[in-house]
Amino acid sequence: MDYNFNEIEKKWQDYWREHKIYKVDIDTSKPKFFVLDMFPYPSGAGLHVGHPLGYIASDIYSRYKRLKGFNVLHPMGYDAYGLPAEQYAIQTGTHPAITTEKNIARYREQLDKIGFSYDWSREVRTSDPKYYKWTQWTFIRLFESWYNKKAGKAESIASLIAEFENHGNSSIDAACSETPGFSALEWKIKSEKEQQELLMNYRLAFLANTMVNWCPELGTVLANDEVSEGFSVRGGHPVERKLMKQWLLRITAYSDRLLSGLDTIEWPESLKDIQRNWIGKSVGGSMLFDLSGKDEKIEVFTTRPDTIFGATFMVLAPEHELVQHITTSEQKQEVETYVKRTKNRSERERMSEVKKVSGAFTGAYALNPFTNKEIPVWIADYVLMGYGTGAIMAVPAHDSRDFAFARHFELPIVQVINQRGNEPSDPSLWEESYDSKEGILINSGQFNGLEVKKAILAIVGECENREIGHGKTNFRLRDAIFSRQRYWGEPFPIYYKEGMPYAMDEKQLPLELPAVDAYLPTEYGEPPLARAKNWQTTEGYPIETNTMPGFAGSSGYYLRYMDPQNTQEYFSKEAVGYWENVDLYMGGAEHATGHLIYARFWNMFLFDIGLAVKQEPFKKLINQGMIQGRSSMVYRANLEKMAEYLLWEQLKNKQLGVDFVQDFRDGRRKFDFFSEEAKLIIEVKRMGALEKLADYYIDYSNEKGYRLLLIPIREFVDDFQGIINKIKTAINGGDFPVFEEKEAFKAGNVFVSKNIRGREFFSDPIHTDISLVHNDILDTEGFKNWQPHLSNAHFILEDGKYVCGWEVEKMSKSKYNVQNPDELIEKYGADTLRLYEMFLGPLEQSKPWDTQGIEGVFRFIRKLWRLYHNEMNELSISEEKATKNELKALHKTIKKIEEDTERFSFNTAVSAFMIGLNELADLKCNKREILEPLTILISSYAPHIAEELWMLLGYNESVVIQQFPVLNESYLIEDTFSYPVSFNGKTRFKIDLPFTMDAKGVEEAVLHSEEAQKWIEGKSIKKIIVVPQRIVNVVV
RNA sequence: GCCCGAGUGGUGGAAUUGGUAGACACGAAGGACUUAAAAUCCUUUGAUCAUUGCGAUCGUGCCGGUUCGAGUCCGGCCUCGGGUACCA
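In this text the structure is predicted, and so the values were computed from the model without any measurement. All residue numbers refer to positions counted from 1 along the written sequence of the respective chain. Ligands are numbered from 1 and chains lettered from A, in the order in which they are written. Restriction of local features to residues with pLDDT of at least 70 applies here, the model being predicted, together with a cutoff of 80 or more for giving and counting side-chain atom pairs; totals for whole chains, interfaces and linings are based on all residues. Water and hydrogen atoms play no part in the side-chain values, which are based on all heavy atoms of the structure.

(A) Inspection of the packing of aromatic side chains at higher detail. Stacked, tilted and edge-to-face pairs are distinguished by plane angle, under 30 degrees for stacked and over 60 for edge-to-face with tilted covering the rest, among Phe, Tyr and Trp rings (Trp via its six-membered ring) whose centres lie within 6.5 Å. In the structure shown here, the tally under the stated rule is 73 aromatic pairs. Consider the rings of F139 and F482, whose centres lie 5.7 Å apart with planes at 5°: the pair is stacked. In this pair, F139 is assigned in helix 5 (residues 129–143) and F482 in the loop between strand 19 (480–481) and strand 20 (494–497), connecting sequence segments 343 residues apart. Note on accessibility: F139 and F482 belong to one class, buried. Taking the centre distance of 5.8 Å and the plane angle of 70° together, the rings of F143 and W247 count as edge-to-face. Of the two residues, F143 sits in helix 5 while W247 sits in strand 9 (residues 240–249), which places them 104 residues apart along the sequence. Of the two residues examined, F143 and W247, each falls in the buried class. Through a chain of ring-to-ring contacts, three or more aromatic side chains come together here, namely F33, Y61, Y64, F70, F904, F906, F913, Y941 and F964. Working definition: helices are DSSP H or I runs of at least four residues, strands are E runs of at least two. Numbering for both runs from the N terminus. Note on classification: 1.4 Å probe, protein chains only; a residue is buried when its accessible area is under 20% of the maximum for its type, exposed when over 50%, partly exposed between these limits.

Listed below in structure tokens is the structure:
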């Protein structure tokens, strides 16, 4: 073989490893660049071709930046905690660490084969005690911190205690749980336990009773982003709401910073939008409503204070604490029934019944503070306890949900916003509410005539004056639940004294995960860690038995890469001062509301306490598109349908000289085909069916004087023309057998090629393994051997081939469309795989995996090899001076590669390499002056072949540490430009003119050109547009 | 429902700022080399009409607009993909 990629790639991978080519250290003489891939979870299935897409792109960029003189940090590690290994442990008893270790080894083997430039000396694993020591350490810091809103940052709990001791909590503005006011004196006389309880309201990592997403089948709670439509994202198990005591992280303290920080980073707009929606900031007001004849007040949150005059009723969440107090005795029964019903309904049921209006009247009335009218108070499950105050003022005229509710329960609707230019109308005639914020106020007392935005301010102002409300901002973002009732995760460095949690001393970290006898909850329903022996401190205090969730370890890992071996601190000041944050983060958009928001929060906290030096962890982020599977389909024929279809194609429209009808009926009898003219009945059936029915058919046709032809399906496969001939004979009055006995063939396995006419009428698509299909042509022998029941398959071919259909779907085992990179590397080599994955299309776009084009890239690589070699596969390099054309081809390529790599347009970069190589090959260029820069140029894309060629060129230092070739624009300057000349916008011909010619000259030249005459002839010229070095357009 | 994104040959895709639509590849067809195969090379390849050649017309999801000129900008729609959902 001319170009032996197997040998070459192995050789250089070994070389890179042995010479630690990709190891980086702090080097202040060079600018730094941090390129990071999202932490993979090493699953048992290994990598499929979708995973490396982003890794290849970031690797190319890393190598490119290195050639450009940057000191590039490009690490890799493993998000090693995770449910699959634990589920496997529960089933088999294998410790998750063993499974994980095995999976990591497999991942590493696959990654190495692709030739990545990772600095493996910096590898981290979340399950490694040396690593999770710092996860636990950060948790303690969070536990020992509170968020000072006045300072806009996290501060230590010690400062809070000092403040309490001096002033109580009256002047504190903190992100905290609901806490009653207390004075310094009151603080001091509280017991330690009481003080601890109060502090818990302020800590950034805190313990609280919360409604959680409980997944009984996984036996654990899940974060909001781990649940989708009432089912767990991993595994698809049902999830229910449950009140439990859990650790939470007060991420909501950072809502505003998480939101505004988005404006400072280069992320895809769609990803920022997802985060903005998730954070869900809404600005509005909080208002207090008096209750008729009661002391209690109801607080509501609204984004539309301007519509207060239209508030004709109120709605509380069924779980609202006031419900019991205010419900009248008459309504008690109804309310209790409703509350009970909502409680028992699963999340899932609630979701599916979104459009169904339901609710109950409490019997109580509130007072609208602006209209002073009594308005009824209802409960309904469309009001959620978890958002705002769990109570709303309902403005049916201007809120679609309130509108639907009012219609259903016949509650009054009052219009208070009028769209400019429209007349106010009777809301009882409306088909929908008017929700828009455009318009002016009506029916609103002294506020009439105000525009919505001004009215909001005016009414909030009025509420503040009357001390019944104030402006308020709400966030949709919830605090992050941080406990998991699981074994395979980081233990909390927390112990309990008198039931109150205390953080362990940092010196005791890492708190290592203990051994357990089984990975299941205890018989009392405690988490698996409760099974551990002596799970207590040396003083005998019990240690927390929950473990941390998956996002704990992945929230700060990028920082640890800066200084992964450090045993004294998370990372050194020096390291973080140099590497700062991630310059390019490559990964999937599916982490938008999980990892990417937690990591930003984690980093902001570390920034507040002086560890991180940048607010935002990931400066630029690119989402690589998903690689979808491209399934191949074969079409299994329904034989009877097929036979009937094929025959009808021949019989219809008098093709055989006589009229036929299909599905002829005579009373209750039905025949496939019948010709009155030829007095002929034709019936198509399986052999067995024909044998049974033959006598019956024969009797009938004899009685009627018809002739009969019974055709077994087998004949269609064996001899279709024979059938037609037989029918022709019958029509012409000749003799023919009614039917010939043939051996029946086994049912089912006849497959029709995709483009056989009528295929869609008589076949069903079935998935087949993509490894049996090449360029949509099925390997029929392989297919027969694929599964036992296919061994007797028959094929109906087109042009001697079986053509498969295809569909784009998720890559999955059950669809037989999983492609793993190992096979491709074996067949084509890693360089080809790398180039091909990039060549497939724009990085950010989702696309189906399809190996059809890989041959083209493989040809390119071999052509590159041949440029440096003669026919005998001997190195052949000329020392001659390069020609102008050769230099132009090279520098055009340099320019394009530089531009395209900078803007992550790797698919067009690969094209540019192909174009450049085609040009150089046409010029038969083997000159060192050209090939040396070309080798460096391609080394970031195809590093193995580049290293080999670089060595063959006579160097003994790796190509990856060379300088990127410098573009010399002077080689690109053209003497002439070929102007496309269009008339009325339609391009008609081209004309070569000097590059430097001015617009006037171009115009003259075009008008005097021979070809122009044809188009000008008989018409007058209205206008000529000349864009120098672009186009000429003549308007006639 | 709401918020994003995308619709270009048989296929993946290119066209970076409004300026030659279909680069580069795959596939297909034909040919050269070869005892043969592989590999390689050459020609054709958006559609329709014309075909001896010249060519002509249409064409970037659909309808309309702006412009000398629109795949690109604007308005309205259709389809597909992603996110999110009683968030007041």
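(B) Representation of a nonpolar patch on the surface within the structure. Nonpolar side chains (Val, Leu, Ile, Met, Phe, Trp, Tyr) are joined into patches within 5 Å and like charges within 9 Å, using only residues with over 30% relative accessible area and no salt bridge. We get accessible surface area from the Shrake-Rupley algorithm with a probe of 1.4 Å; when it comes to residues, only the shown protein chains can shield them. Note on definitions: salt bridges are taken to be side-chain nitrogens of Lys or Arg within 4 Å of carboxyl oxygens of Asp or Glu. Where nonpolar side chains cluster on the molecular surface, the patch consists of I1025, V1027 and I1031 and spans about 190 Å² of accessible area. With respect to the secondary-structure elements, I1031 resides in strand 39 (residues 1031–1035). You can call I1031 partly exposed: its relative accessible area is 33%.

(C) Fine view of the packing of helix 28 (residues 854–867) against helix 32 (residues 943–952). Here, axes are lines fitted to C-alpha atoms. For helices the fit covers the stretch in contact, and angles between N-to-C directions go from 0 to 180 degrees. Following both chains from N to C, one finds helix 28 and helix 32 inclined at 5°, their axes separated by 11 Å at the closest point. In terms of their interaxial angle, helix 28 and helix 32 are classed as roughly parallel. Of the residues in helix 32, those touching helix 28 at I861, L864 and W865 are I945, E948, L949 and L952. Orientation labels follow simple angle bins: below 35 degrees gives roughly parallel, above 145 gives roughly antiparallel, 65 to 115 gives roughly perpendicular, and whatever is left gives oblique. Contacts: residue pairs with any heavy atoms within 4.5 Å of one another.

(D) Geometry of the pattern of salt bridges. All chains considered together, the criterion is met by 44 salt bridges. In this structure, D59 engages R63 in a salt bridge whose closest nitrogen and oxygen atoms are separated by 2.8 Å. Of this pair, D59 and R63 both sit in helix 2 (residues 52–67), 4 residues apart, which is roughly one turn of the helix. The pair formed by D59 and R63 is uniform in burial state, with each residue classed as buried. Where salt bridges share partners, they join D263, E269, K272, D273 and R276 into one cluster.

(E) Main features of the sheet that holds strand 5 (residues 205–215). What makes two strands pair is DSSP finding at least two bridges between them. Strand order in the open sheet made by the 4 strands is 6-5-9-19, with antiparallel pairing throughout. The open sheet has two free edges, formed respectively by strand 6 (220–222) and strand 19, since each of these has just one partner strand. Bridging between strand 5 and strand 9 involves 10 bridges; their strand directions are antiparallel. Across the sheet, the residue bridging to V212 is K242, located in strand 9.

(F) Structural context of unusual backbone geometry. Cis geometry is adopted by the peptide bond preceding P510, which originates at L509 and carries an omega value of -5°. Secondary-structure assignment places P510 in the loop between strand 21 (500–503) and helix 16 (550–554). You will see that E410, though not glycine, has its phi angle at about 55°, which is positive. Summarising the element assignment, E410 is placed in the loop between helix 14 (400–409) and strand 16 (417–418). Look at E410 and you get exposed, because its relative accessible area is 73%. The backbone of N443 sits at a positive phi, close to 50°, despite the residue not being glycine.

(G) Highlighting the sheet that holds strand 2 (residues 71–73). Strand order in the open sheet formed by 4 strands is 2-1-22-23, with parallel pairing between adjacent strands. The open sheet has two free edges, formed respectively by strand 2 and strand 23 (618–623), since each of these has just one partner strand. The sheet shows a mean angle of 20° between the axes of neighbouring strands, direction not considered. By the bridge criterion, 3 bridges tie strand 1 (residues 32–37) to strand 22 (residues 582–587) in an arrangement that is parallel. Note on strand 22: the bridge partner recorded for V35 is L584. Helix-sheet contacts for helix 19 (residues 595–608) involve strand 22 and strand 23, and the interaxial angle to strand 23 is about 175°.

(H) Region of the structure containing a positive patch on the surface. Residues K986, R988, K1014 and K1019 make up a contiguous surface patch of positive charge. Here K1019 shows up in the loop between helix 34 (1010–1016) and strand 38 (1023–1027). His residues and chain termini do not enter the charge count, which takes Lys and Arg as positive and Asp and Glu as negative. Working definition for charges: the position is that of NZ of Lys, CZ of Arg, CG of Asp or CD of Glu.

(I) Seen up close, the nonpolar core. Membership of the largest hydrophobic core comes to 100 residues, with the highest contact counts inside it found for L249, Y254 and F482. Per-element accounting of this core gives the leading share, 9 residues, to helix 19. Ignoring any residue separated from it by four or fewer positions in sequence, one finds L249 in contact with F139, L142, L204, A205, F206, D479, A480, F482, F551, F601 and W602. Nonpolar cores were defined as sets of buried Ala, Val, Leu, Ile, Met, Phe, Trp, Tyr and Cys residues, with membership established by side-chain atoms within 4.5 Å. The next biggest cluster of nonpolar side chains, apart from the first, holds 87 residues, and it includes A57, Y78, L867 and L953.

(J) Spotlight on the environment of E823. In this structure, E823 sits in helix 26 (residues 821–828). Separated by 537 residues in sequence, E823 and S286 have C-alpha atoms that sit 62 Å apart.

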